[in-house]
Amino acid sequence: MKLKEVIPNIADREVTIKPTYRKIDKHGRLYLDVANANKEFLVVLVDPLPEDKINFLKVGRSSS
């Protein structure tokens, strides 16, 4: 199933959290920044492509 089939107006939405490459832990949890606590979001998980790890994996810490 393609994202645009599930959410037709997906391109018109604002991005709250930039795409990041994350791994769900062994308890099924995915951690986000504490600044997002108590907020509501539409969560979309997509299967990564091999190049996604290189393009989206955060290396080190930065303010951007």
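As shown above, the structure is provided for reference.
The shown structure was predicted, so the numbers you read here are calculated from the model rather than taken from an experiment.

A word on the overall build of the protein chain
Here is step 1 of the chain: Along its length, the protein chain carries two helices and zero strands.
Here is step 2 of the chain: Taking 64 residues into account, the globule formula puts the C-alpha radius of gyration at 11 Å, and the protein chain, at 13 Å, lies well above it.
Here is step 3 of the chain: The principal-axis extent of the C-alpha atoms belonging to the protein chain is close to 35 × 35 × 30 Å.
Here is step 4 of the chain: Working note: accessible area of the protein chain is about 6600 Å², and carbon and sulfur atoms make up 54% of it.
Here is step 5 of the chain: Of the side chains in the protein chain, 12 bear a positive and 9 a negative charge, and the two mean positions are spaced by 8 Å.

Points about the pattern of salt bridges
Here is step 1 of the chain: Scanning the entire structure with this criterion turns up one salt bridge.
Here is step 2 of the chain: The partner of Arg 29 in a salt bridge is Asp 25, with the nearest N and O atoms 3.1 Å apart.
Here is step 3 of the chain: Using a relative accessible area of 41% as the deciding quantity, one classes Arg 29 as partly exposed.
Here is step 4 of the chain: Relative accessible area serves as the criterion here: at 23%, Asp 25 is assigned to the partly exposed category.

Describing the environment of Lys 23
Here is step 1 of the chain: Mapped onto the fold, Lys 23 is located in the loop between α1 (3-6) and α2 (50-56).
Here is step 2 of the chain: Excluding residues that lie within four positions of it along the chain, Lys 23 makes contacts with Arg 29 and Leu 30.

Thresholds, definitions, all that
- Residues numbered from 1 in each chain as written.
- Predicted model: local features only at pLDDT ≥ 70, side-chain atom pairs only at ≥ 80, totals over all residues.
- Heavy atoms only, no water.
- Helix = DSSP H or I, 4+ residues; strand = E, 2+ residues; numbered from the N terminus.
- Rg over C-alpha atoms; globule rule 2.2 N^0.38 Å.
- Areas by Shrake-Rupley, 256 points an atom, 1.4 Å probe, with all protein chains shown as cover.
- Lys, Arg positive; Asp, Glu negative; His and termini not counted.
- Charge placed at Lys NZ, Arg CZ, Asp CG, Glu CD.
- Salt bridge = Lys/Arg side-chain N within 4 Å of Asp/Glu carboxyl O.
- Buried < 20%, exposed > 50% of the residue type's maximum accessible area, 1.4 Å probe, protein only.
- Contact = heavy atoms within 4.5 Å.

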